[in-house]
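Reading the structure
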Amino acid sequence: MTILCAGINHHNAPIEVREKFAIGGNDLQESLAQLRAIDGLFGAVIVSTCNRVEFYAASVCPMRVMDGMRRFIDKRAGVTEAPFYTHDSHLSIRHLFRVASGLDSMVIGETEILGQIKQAYTTAFKFGATNVHLNKLFQNAFRVAKQVRSETQITRGSTSVGSVAVDLAGKIFGDLSGRKVMLLGAGDTSERVARSLVSRGVRTVIVANRTFDRAAALADEIGGLAVHFDHWHTAFDEVDILICSTAAPHPIVTREKLEAIMQSHQERPLFIIDLAVPRDVHPSVNDLENVYLYDIDSLEQIARQSIEVRQGEITRCEKMIDRHVRDFLLWMRNHPGAIR
Amino acid sequence: MDAYLLAAATFCLLSSFGHTLFKLGSGRVQPGRLNLVMMIVAFGLLSTDLWMRGEVQRSCPINSLFDVLVFMSWSTILIYFVVGSAYRLSLLGAFTSPLVLGILLFAQITPINRDAHMRLFRDHWIELHAALSIISYGAFALAGVAGLMYLLQNRQLKKRKGGTLLYNLPPITDLGIANARLIWLGLILLTVSFAAGFASGMQVNTLKFWTSAGIWAAYALMVLLRGIHTMAPKRTAILSVGVFIFILVTLPVIQHLSNPK
């Protein structure tokens, strides 16, 4: 029995090409049925995400099945030579393990792909499109991904400014439910961070913007309140997270101003995310007790650090994966039959 | 036999601490099950040791400085089991094991007094007073550990550099709350212990009285000022570490003064 893989991903094709091959949930059953009709193919799983479309198959006559898969792909996309990579046995097993572990993702170590592969496998299994070898292969892939995630730092930290900010909020407040956020300026990044915080349970969002209409529109969208920019400090009571992104040429949040406000803040911490350039918050604010100020540079530095840590872990992950590939090939040798 | 039990408990805590250091070296601090298992085994061994010595002494085994240090180690782990899981502060164990290890090693290696000073008559009030005092010190020890973790996390957050410790330490708000509640718990236990001491009508040395009263007042002040929001969590954390160090330093003197003449 041989495991085959044919696919296209963000490494070898831009989105304009990838989108031609994408297989939506509605087409999946039919596509799986067409693949299963290829002579000599005993099982198939289709993984279709925004970054990749991959076909995994189990067969005893790999050349014939690979030709059949190519014909299926070309026919589906209406092209003559689809830019698909192909792997057999050893490489296809290794490829799946790498993909499931997030090593082949655009953002190394991201975990969403594992859920997508699980979904793809469950669908194929439900339609009876898998065989014992593919079942074993995918179960192993899930186990490998779990081990890689728990025993290495491949998922350590966050890799974007927004997610670093949300992570830090978690490290300051723990549970974010019931927390209050104020947006000073309604830039795109601050809006994204605010949305992420809302999805993590933040209770109230107050938006203050020079253009009140923009503040009102954004507040309306994310279920918050709009206030006039000149009165932001009057609405500051009980604010836990302040996100600044105005176009002001000089700091609008100074130590003196904040010191007075923090008197009524009691012992609650204040997390300030300053996304503006020039900065909206004077750096000396970070010296205040219970105030944690992060500007765009410090957030980017932490994101870069996480990427470096993740990249440094790749070799460890590869070694772990190679060990599991050897184990799976051994299992394949001991179970060579064409079991459907 | 009890020497072997203590050595085995020390070995468990050493393994737990070594495991944490190894994980720290590999960039991961989050303690696994091994830490917890080692703490449970160490607790079991210490409990057995205390029970055996209690049987021999026919009283709560806190009749020498050696006894007190062992009992305090046991109390610290006990409070950790009660509080550690309640606040999901798993890393508290990683910080608790070196503290308990240090106390146990000090008790076993240094030439401190091991002779139990027995009272002629068994007084339950005095036993309750002594036992609760030491258990309250266990709570204060944990408060000190939570305070230290708070200060480390505060430093990490202020530095704005990220890092392994930042991601593995619990949220700073949770650490502040745990620190404050452990101080509360310790203060309640110490207050009940003092009440038991007064009820016994025992003669108290002036130095012992004022040292103990000073410790009680320091924690009471922390509770009061935190309650009326005039003391920031950072200052409470610093004070809880400082006062616990004071307890450790003055413990031999207090124990010496507590021995029946």
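Residues numbered from 1 in each chain as written. Chains lettered and ligands numbered in written order. Predicted model: local features only at pLDDT ≥ 70, side-chain atom pairs only at ≥ 80, totals over all residues.

On to the overall build of chain A, then. Of the regular secondary structure elements, chain A holds 12 helices and 10 strands. Taking 340 residues into account, the globule formula puts the C-alpha radius of gyration at 20 Å, and chain A, at 26 Å, lies well above it. Each principal axis of the C-alpha atoms in chain A carries an extent, and together these give about 75 × 40 × 30 Å. Partitioning the intrachain contacts of chain A with sequence separation of at least 6 by distance along the chain shows that 72% fall at a separation of at least 24. (Helix = DSSP H or I, 4+ residues; strand = E, 2+ residues; numbered from the N terminus. Rg over C-alpha atoms; globule rule 2.2 N^0.38 Å. Contact = placed C-beta atoms within 7 Å.)

Moving on, we get to the overall build of chain B. In terms of regular secondary structure, chain B is built from 9 helices and 0 strands. The linear arrangement of helices and strands in chain B, starting from the amino end, is α-α-α-α-α-α-α-α-α. With 261 residues in all, chain B has 46% of them scored as buried. (Buried ≥ 20, exposed ≤ 12 C-beta atoms within 10 Å, placed from the backbone.)

Let us look at the packing of helix H5 (residues 124-159) of chain B against helix H7 (residues 172-200) of chain B. All names here are of chain B. Running from amino to carboxyl end, H5 crosses H7 at an angle of 165 degrees, the nearest separation of the two axes being 8 Å. The orientation of H5 with respect to H7, classified from their angle, is roughly antiparallel. For the crossing formed where H5 meets H7, the hand is left-handed. Classifying every residue of the contact of H5 with H7 gives 24 nonpolar, 12 polar and no charged. (Axes fitted to C-alpha atoms, helices over the stretch in contact; angles between N-to-C directions. Parallel < 35°, antiparallel > 145°, perpendicular 65-115°, else oblique. Left-handed = near helix turned anticlockwise from the far one by under 90°. Nonpolar A, V, L, I, M, F, W, Y, C, P; charged D, E, K, R; others polar.)

What follows deals with the sheet that holds strand S1 (residues 2-9) of chain A. Backbone hydrogen bonds are what pair the strands of a sheet, in a parallel or an antiparallel way. Residue and element names in this part refer to chain A. In space, the 4 strands of this open sheet follow the order S2-S3-S1-S4, with antiparallel pairing throughout. At either margin of the open sheet sits one strand with a lone partner, and together these are strand S2 (41-48) and strand S4 (85-88). Taking each pair of neighbouring strands and ignoring which way they run, the sheet shows an average axis angle of 15 degrees. Helix-sheet contacts for helix H3 (residues 62-77) involve S1, S2, strand S3 (52-59) and S4, and the interaxial angle to S1 is about 25 degrees. (Pairing = 2+ DSSP bridges.)

The next thing to look at is the interface of chain A and chain B. Contacts between the two partners involve 19 residues from chain A and, on the opposite side, 16 residues from chain B. Elements supplying a minimum of two residues to the side of chain A that touches chain B: helix H7 (161-173), strand S10 (291-295) and helix H11 (296-312) of chain A. Considering each element in turn, the side of chain A that touches chain B owes the most residues, 4 residues, to H7 of chain A.

The step from Val277 of chain A to Pro278 of chain A runs through a cis peptide bond, and the omega angle for that step is -5 degrees. Positionally, Pro278 of chain A belongs in the loop between strand S9 (270-274) and S10. For Asn290 of chain A, which is not glycine, the phi dihedral falls at a positive 70 degrees. On the secondary structure map, Asn290 of chain A appears in the loop between S9 and S10. Assessed through the 19 C-beta atoms surrounding it within 10 Å, Asn290 of chain A is described here as partly exposed. You will see that Arg160 of chain B, though not glycine, has its phi angle at about 60 degrees, which is positive. Looking at the secondary structure, you find Arg160 of chain B in the loop between H5 and helix H6 (164-168).

This part covers the sheet that holds S10 of chain A. Residues and elements named next belong to chain A. Read from one edge of the open sheet, 6 strands run S7-S6-S5-S8-S9-S10, paired in parallel fashion. Unpaired on one side and paired on the other, strand S7 (225-228) and S10 mark the two borders of the sheet. With direction set aside, neighbouring strand axes in the sheet form an average angle of 20 degrees. Pairing analysis gives 4 bridges linking strand S6 (residues 204-209) to S7, with the strands arranged parallel. Opposite Val207, over in S7, you have Ala226 as the bridge partner. Against the sheet, helix H9 (residues 212-222) contacts S6 and S7, and its axis sits at roughly 165 degrees relative to S6. Here H11 sits on the sheet in contact with S9 and S10, set at roughly 80 degrees to S10.

So, on to H7 of chain B. In this model H7 of chain B runs 42 Å from its N-terminal to its C-terminal C-alpha over 29 residues, within 8% of the 42 Å that 1.5 Å per residue would give. Gly201 of chain B, located one to two residues past H7 of chain B, shows a positive phi value of around 70 degrees. (Expected span 1.5 Å × (residues − 1).)

Take the environment of Ser245 of chain A next. Residues and elements named next belong to chain A. Position of Ser245 among the secondary structure elements: in the loop between strand S8 (241-244) and helix H10 (255-263). Overall, Ser245 belongs to the buried group, with 22 C-beta atoms counted inside 10 Å. Taking the C-alpha atoms as reference points, Ser245 and Ile273, separated by 28 residues in sequence, lie 8.7 Å from one another. Apart from the residues lying within four places of it in its own chain, the contact partners of Ser245 are Gly185, Gly187, Thr189, Ser190, Leu275 and Ala276.

Turning next to the domain arrangement of chain A. Domain parsing of chain A yields domain 1 (2-156 + 313-334) and domain 2 (161-303). Here the C-alpha centroids of domain 1 of chain A and domain 2 of chain A sit 43 Å apart. (Domains from an automatic or database assignment.)

Of all hydrophobic cores here, the largest spans 123 residues; its most connected members are Ile243 and Ile272 of chain A. Looking at this core, the element that brings in the most residues is H5 of chain B, giving 16 residues. Here Ile272 of chain A is in contact with Leu242, Cys244, Val281, Val285, Val291, Tyr292 and Leu293 of chain A, once residues within four sequence places are set aside. Counting residues in each nonpolar core, the second largest holds 52 residues, with Leu4, Val45, Ala100 and Ala129 of chain A among its members. (Core = buried A, V, L, I, M, F, W, Y, C linked by C-beta atoms within 7 Å.)

This next bit is on the environment of Thr2 of chain A. Within the element layout of this structure, Thr2 of chain A appears in strand S1. Thr2 of chain A gets classed as partly exposed once you count the C-beta atoms within 10 Å, which come to 19.

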